[in-house]
Amino acid sequence: MDEVELRQLRCLVAIVDEGTFTDAAIALGVSQAAVSRTLAGLERALGVRLLRRTSREVTPTATGLRVVERARRVLGDVADLVQEAGSGHTRLRIGYAWSAVGRHTVAFQRRWHAAHPGIDLHLIRVNSAFAGLGEGACDLAVVRRPLEDRRFDSAIVGLERRLCALAADDPLARRRSVRLADIGGRILLVDRRTGTTTPELWPPDARPAVEEIRDVDDWLTEIAAGRGIGVTAESTANQYPRPGIVYRPVRDAEPVAVRLAWWRDDPHPAQQAVLELLSELYRTG
């Protein structure tokens with residue numbers, strides 16, 4: 001792989017797009033001999049023939065067609081990388097695991113676009129402990145549990161009530177609220193990677209049995225079927241209303257802290273503005 005260079009991929013794509021070595025050389029601003037040498041180097045590195053060349057035309061081989069398709073994607077990805085590195089401040093990606101910022105999500109999006117029209121906002125769901133921040137999928141992340149990784153900084157922007165998710169025909173669904181003791185004997189469905197609730201929320205002698213799920217859709221499906229209950233942040237109810245499921249406040253459970261997280265040594269330039277807007281939305285409701 002070390003022998004394959006971007007200039008070789010650009011050369012191959014130019015030959016196919018322009019139709020001749022001569023026109024490819026003009027498009028690339030090099031000599032025709034340089035185009036021939038570059039293509040030969042690519043074919044040598046890959047160990048396959050990529051083009052058929054006659055006196056009238058140049059056509060890709062079957063393998064060449066596949067390589068050209070992949071080369072276009074690679075060159076496109078590199079172009080995106082360069083643009084992002086050079087002008088990343090014009091795009092802002094905020095990751096979240098399950099439910100963005102709940103009932104504040106739409107207001108956040110609209111107010112951001114009105115106040116910062118030059119910074120394109122994207123909300124991205126990534127079901128991981130860092131909501132895509134550690135994986136490079138986003139620039140900032142909304143998380144609902146402390147980040148112990150010292151690569152990141154975070155600040156609390158607000159608090160959300162803790163709710164119990166129940167099947168609509170569950171006897172507890174008829175109540176306006178529940179207590180931890182009411183659900184301690186149930187099966188608690190949790191996502192250990194991103195979830196906000198663990199058995200430690202209950203006293204040691206009254207903890208529920210736990211079953212692990214991997215995604216919010218699985219969590220909702222299992223609860224609707226009566227196979228367990230969930231305890232989650234209020235934002236989940238706002239983001240995922242579902243027929244067959246009701247959400248009830250857990251009145252003796254501590255609230256869930258909502259945090260904005262960012263890279264400690266490389267925060268996005270818009271980080272402070274996001275922090276202030278989210279804090280204001282949670283404060284004013």
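Located above this text is the structure these notes cover.
Not measured: the values here are computed from a predicted model. (Residues numbered from 1 in each chain as written. Predicted model: local features only at pLDDT ≥ 70, side-chain atom pairs only at ≥ 80, totals over all residues. Heavy atoms only, no water.)

Visitor: Which parts of the structure should I look at to understand the layout of surface pockets?
Guide: Here the idea is plain: a probe the size of a water molecule rolls over the atoms and shows the empty space left. Roughly 240 Å³ of volume is contained in the second largest pocket. In terms of lining, the second largest pocket is formed by 15 residues, of which the most central are Arg144, Pro146, Arg162, Thr196 and Glu254. Broken down by element, the lining of the second largest pocket gets its largest block of residues, 3 residues, from strand S12 (residues 256-263). Class assignment for the residues of the lining of the second largest pocket results in 5 nonpolar, 4 polar and 6 charged. (1 Å grid on protein atoms, 1.4 Å probe; cavity = no way out; pocket = protein on both sides within 12 Å on 5 of 7 lines; lining within 4 Å. Points joined across faces, edges and corners; volume = space filled by probe spheres on them. Helix = DSSP H or I, 4+ residues; strand = E, 2+ residues; numbered from the N terminus. Nonpolar A, V, L, I, M, F, W, Y, C, P; charged D, E, K, R; others polar.)

Visitor: Please clarify how the side chain of Glu43 should be interpreted in this entry.
Guide: Relative to the helices and strands, Glu43 resides in helix H3 (residues 32-46). At 5.3 Å, Arg49 is the nearest oppositely charged side chain to Glu43, a buried residue that forms no salt bridge. Setting aside chain neighbours within four positions, we find Glu43 in contact with Val48, Arg49, Leu50 and Leu51. (Buried < 20%, exposed > 50% of the residue type's maximum accessible area, 1.4 Å probe, protein only. Lys, Arg positive; Asp, Glu negative; His and termini not counted. Salt bridge = Lys/Arg side-chain N within 4 Å of Asp/Glu carboxyl O. Contact = heavy atoms within 4.5 Å.)

Visitor: Please explain the packing of aromatic side chains as it appears in this structure.
Guide: Given two aromatic rings, their pairing is described by the distance between the two centres and the angle made by the two planes. The tally for this structure, following the rule as stated, stands at 4 aromatic pairs. An aromatic cluster is defined as three or more aromatic residues linked by ring pairs; in this entry it consists of Phe130, Phe152 and Trp263. For the cation-ring pair, Arg53 lies above Phe21, with the distance from its terminal atom to the ring centre recorded as 3.9 Å. (Phe/Tyr/Trp six-rings, centres within 6.5 Å; stacked < 30°, edge-to-face > 60°. Lys NZ or Arg CZ within 6 Å of the ring centre and 35° of its normal.)

Visitor: Just to check I follow, could you spell out the sheet that holds strand S4 (residues 120-125) for this structure?
Guide: Backbone hydrogen bonds are what pair the strands of a sheet, in a parallel or an antiparallel way. In spatial order, the strands read S4-S3-S5-S12-S6; together these 5 strands make up an open sheet with mixed pairing. The sheet is open, and its two edges are formed by S4 and strand S6 (152-160), each paired on a single side. Recorded for the sheet is a direction-independent mean angle of 25° between the axes of neighbouring strands. Sheet analysis places strand S5 (residues 140-143) next to S12, joined by 4 bridges and oriented antiparallel. Note that in S12 the partner of Ala141 across the bridge is Ala261. (Pairing = 2+ DSSP bridges. Axes fitted to C-alpha atoms, helices over the stretch in contact; angles between N-to-C directions.)

Visitor: Looking at this structure, how should I read the packing of helix H2 (residues 21-28) against H3?
Guide: When two helices pack together, you describe them by how their axes are tilted relative to each other and by the distance separating the axes. Contact pair H2 / H3: the axes reach a minimum separation of 8 Å and the direction vectors enclose 100°. By the criterion of interaxial angle, the relationship of H2 to H3 is roughly perpendicular. The residues of H3 that touch H2, namely those facing Phe21, Thr22, Ala24, Ala25 and Leu28, are Gln32, Val35, Ser36 and Leu39. In the contact of H2 with H3, the residues fall into 6 nonpolar, 3 polar and no charged. (Parallel < 35°, antiparallel > 145°, perpendicular 65-115°, else oblique.)

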